[in-house]
Amino acid sequence: MQFINRFTIFTKRILIKKIYLIMLLSLIILTGIYVILPAKKQSTDIKVGIYCEDNQLYYEQTLTLLAEKNSIYTFYTVSSEEALINDVNSQKAECGYYIPEGFFEAYINGNAQETPITQYISPASILSSAVNETFYSVIMQ
(Lines give C-alpha, C1' and ligand atoms only; values in the text may rest on other atoms or scores of the structure.)
Protein backbone atom coordinates (compact mmCIF):
# COMPACT_ATOMS: atom_id res chain seq x y z
CA MET A 1 0.00 0.00 0.00
CA GLN A 2 2.83 2.33 0.83
CA PHE A 3 4.35 1.72 -2.64
CA ILE A 4 1.10 2.74 -4.37
CA ASN A 5 0.89 5.94 -2.31
CA ARG A 6 4.48 6.89 -3.15
CA PHE A 7 3.94 6.10 -6.83
CA THR A 8 0.82 8.29 -6.89
CA ILE A 9 2.58 11.20 -5.17
CA PHE A 10 5.62 11.05 -7.49
CA THR A 11 3.39 10.78 -10.56
CA LYS A 12 1.40 13.85 -9.49
CA ARG A 13 4.61 15.80 -8.90
CA ILE A 14 5.83 14.97 -12.39
CA LEU A 15 2.55 15.64 -14.17
CA ILE A 16 2.03 19.03 -12.50
CA LYS A 17 5.09 20.55 -14.22
CA LYS A 18 4.40 21.57 -17.82
CA ILE A 19 8.00 21.12 -18.92
CA TYR A 20 7.99 17.50 -17.73
CA LEU A 21 4.81 16.83 -19.70
CA ILE A 22 6.33 18.40 -22.82
CA MET A 23 9.47 16.28 -22.43
CA LEU A 24 7.48 13.07 -21.95
CA LEU A 25 5.27 13.79 -24.94
CA SER A 26 8.23 14.69 -27.14
CA LEU A 27 9.95 11.41 -26.23
CA ILE A 28 6.86 9.46 -27.20
CA ILE A 29 6.44 11.39 -30.47
CA LEU A 30 10.11 11.05 -31.45
CA THR A 31 10.03 7.34 -30.70
CA GLY A 32 6.97 6.98 -32.93
CA ILE A 33 8.67 8.89 -35.76
CA TYR A 34 11.78 6.71 -35.47
CA VAL A 35 9.72 3.52 -35.65
CA ILE A 36 7.89 4.78 -38.75
CA LEU A 37 11.12 5.66 -40.62
CA PRO A 38 12.36 3.11 -43.16
CA ALA A 39 15.37 1.04 -42.05
CA LYS A 40 17.64 2.78 -44.56
CA LYS A 41 17.03 6.17 -42.98
CA GLN A 42 17.69 4.79 -39.48
CA SER A 43 21.18 3.55 -40.33
CA THR A 44 24.32 5.58 -40.80
CA ASP A 45 26.15 5.69 -44.08
CA ILE A 46 29.55 7.31 -43.74
CA LYS A 47 31.44 7.09 -47.02
CA VAL A 48 35.23 6.90 -47.21
CA GLY A 49 36.99 7.09 -50.58
CA ILE A 50 40.15 5.17 -51.40
CA TYR A 51 42.43 5.58 -54.41
CA CYS A 52 45.22 3.04 -54.84
CA GLU A 53 48.07 3.05 -57.35
CA ASP A 54 49.71 0.01 -55.78
CA ASN A 55 49.44 -3.77 -56.21
CA GLN A 56 45.81 -4.64 -56.89
CA LEU A 57 46.03 -8.01 -55.13
CA TYR A 58 46.93 -6.43 -51.78
CA TYR A 59 44.42 -3.67 -52.38
CA GLU A 60 41.60 -6.16 -53.05
CA GLN A 61 42.51 -8.03 -49.87
CA THR A 62 42.37 -4.76 -47.94
CA LEU A 63 38.94 -3.92 -49.37
CA THR A 64 37.68 -7.41 -48.51
CA LEU A 65 38.87 -7.05 -44.92
CA LEU A 66 37.29 -3.60 -44.69
CA ALA A 67 33.98 -5.01 -45.92
CA GLU A 68 34.16 -7.89 -43.43
CA LYS A 69 34.89 -5.47 -40.58
CA ASN A 70 31.16 -4.54 -40.44
CA SER A 71 31.95 -1.00 -39.42
CA ILE A 72 29.63 1.95 -39.93
CA TYR A 73 31.88 3.19 -42.73
CA THR A 74 31.37 2.41 -46.40
CA PHE A 75 34.70 2.26 -48.21
CA TYR A 76 34.59 2.78 -51.96
CA THR A 77 37.16 2.97 -54.74
CA VAL A 78 37.79 6.20 -56.63
CA SER A 79 39.19 6.35 -60.15
CA SER A 80 41.84 9.05 -59.59
CA GLU A 81 43.46 11.16 -56.92
CA GLU A 82 41.70 14.27 -58.25
CA ALA A 83 38.33 12.53 -57.98
CA LEU A 84 39.19 11.56 -54.41
CA ILE A 85 40.03 15.16 -53.51
CA ASN A 86 36.81 16.36 -55.18
CA ASP A 87 34.71 13.82 -53.25
CA VAL A 88 36.23 14.92 -49.95
CA ASN A 89 35.90 18.64 -50.72
CA SER A 90 32.28 18.24 -51.85
CA GLN A 91 31.64 16.20 -48.69
CA LYS A 92 30.50 13.17 -50.65
CA ALA A 93 33.09 11.33 -48.56
CA GLU A 94 33.93 11.95 -44.91
CA CYS A 95 37.61 11.52 -45.77
CA GLY A 96 39.78 9.86 -48.40
CA TYR A 97 42.95 7.79 -48.56
CA TYR A 98 45.56 7.78 -51.31
CA ILE A 99 47.74 4.66 -51.34
CA PRO A 100 50.85 5.39 -53.44
CA GLU A 101 52.63 2.91 -55.65
CA GLY A 102 54.94 0.62 -53.72
CA PHE A 103 53.26 1.10 -50.33
CA PHE A 104 52.32 -2.51 -49.64
CA GLU A 105 55.75 -3.89 -50.58
CA ALA A 106 57.46 -1.21 -48.49
CA TYR A 107 55.13 -1.95 -45.57
CA ILE A 108 55.81 -5.69 -45.79
CA ASN A 109 59.56 -4.98 -45.84
CA GLY A 110 59.25 -2.64 -42.84
CA ASN A 111 59.85 0.61 -44.73
CA ALA A 112 56.37 2.15 -44.73
CA GLN A 113 57.84 5.62 -44.12
CA GLU A 114 59.20 5.67 -47.68
CA THR A 115 55.74 5.69 -49.28
CA PRO A 116 53.19 6.93 -46.72
CA ILE A 117 49.45 6.83 -47.18
CA THR A 118 47.94 10.29 -47.58
CA GLN A 119 44.67 11.11 -45.87
CA TYR A 120 42.49 13.88 -47.30
CA ILE A 121 39.96 15.55 -45.02
CA SER A 122 37.73 18.57 -45.28
CA PRO A 123 37.48 21.22 -42.55
CA ALA A 124 34.00 19.88 -41.76
CA SER A 125 35.28 16.34 -41.22
CA ILE A 126 34.84 15.25 -37.61
CA LEU A 127 35.25 11.47 -37.86
CA SER A 128 38.65 11.26 -39.53
CA SER A 129 40.46 9.91 -36.47
CA ALA A 130 37.79 7.24 -35.94
CA VAL A 131 38.01 6.23 -39.61
CA ASN A 132 41.82 6.08 -39.24
CA GLU A 133 41.49 3.48 -36.50
CA THR A 134 39.35 1.23 -38.68
CA PHE A 135 41.42 1.73 -41.84
CA TYR A 136 44.84 1.23 -40.28
CA SER A 137 43.75 -1.71 -38.13
CA VAL A 138 42.84 -3.53 -41.36
CA ILE A 139 46.15 -2.62 -42.99
CA MET A 140 48.02 -3.90 -39.93
CA GLN A 141 46.30 -7.27 -40.38
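As shown above, the structure is provided for reference.
Model, not experiment: these values are computed from the prediction.

Student: Lay out the sheet that holds strand β1 (residues 46-52) in plain terms, naming residues and giving numbers.
Tutor: Here we have four strands laid out as an open sheet, ordered β2-β1-β3-β4, and mixed in their pairing. On the outer flanks of this sheet lie β2 (73-77) and β4 (118-121), each paired with one strand and no other. Strand-to-strand, the axes of this sheet are offset by a mean angle of 25 degrees, without reference to chain direction. When β1 meets strand β3 (residues 95-99), the two strands line up parallel, connected through five bridges. What sits directly across from Val48, in β3, is Cys95. Across the sheet, helix α5 (residues 81-89) touches β1, β2, β3 and β4, and the angle it forms with β3 is around 165 degrees. Along the sheet face, helix α7 (residues 128-140) touches β1, β2, β3 and β4 and points at about 40 degrees away from the line of β3.

Student: Residue-level account of the packing of aromatic side chains, with values.
Tutor: Considering all chains together, one arrives at 10 aromatic pairs under this definition. Residues Tyr58 and Phe104 carry aromatic rings whose centres are separated by 5.7 Å and whose planes lie at 40 degrees to one another, so their mutual orientation is tilted. Placement of the pair is Tyr58 in helix α4 (residues 56-68) and Phe104 in helix α6 (residues 103-108), with a sequence separation of 46 residues. Tyr58 gets classed as partly exposed once you look at its relative accessible area, which sits at 24%. Its relative accessible area of 7% is what places Phe104 among the buried residues.

Analysis parameters
- Residues numbered from 1 in each chain as written.
- Predicted model: local features only at pLDDT ≥ 70, side-chain atom pairs only at ≥ 80, totals over all residues.
- Heavy atoms only, no water.
- Pairing = 2+ DSSP bridges.
- Helix = DSSP H or I, 4+ residues; strand = E, 2+ residues; numbered from the N terminus.
- Axes fitted to C-alpha atoms, helices over the stretch in contact; angles between N-to-C directions.
- Contact = heavy atoms within 4.5 Å.
- Phe/Tyr/Trp six-rings, centres within 6.5 Å; stacked < 30°, edge-to-face > 60°.
- Buried < 20%, exposed > 50% of the residue type's maximum accessible area, 1.4 Å probe, protein only.

Any functional reading would require information that these geometric values do not contain.
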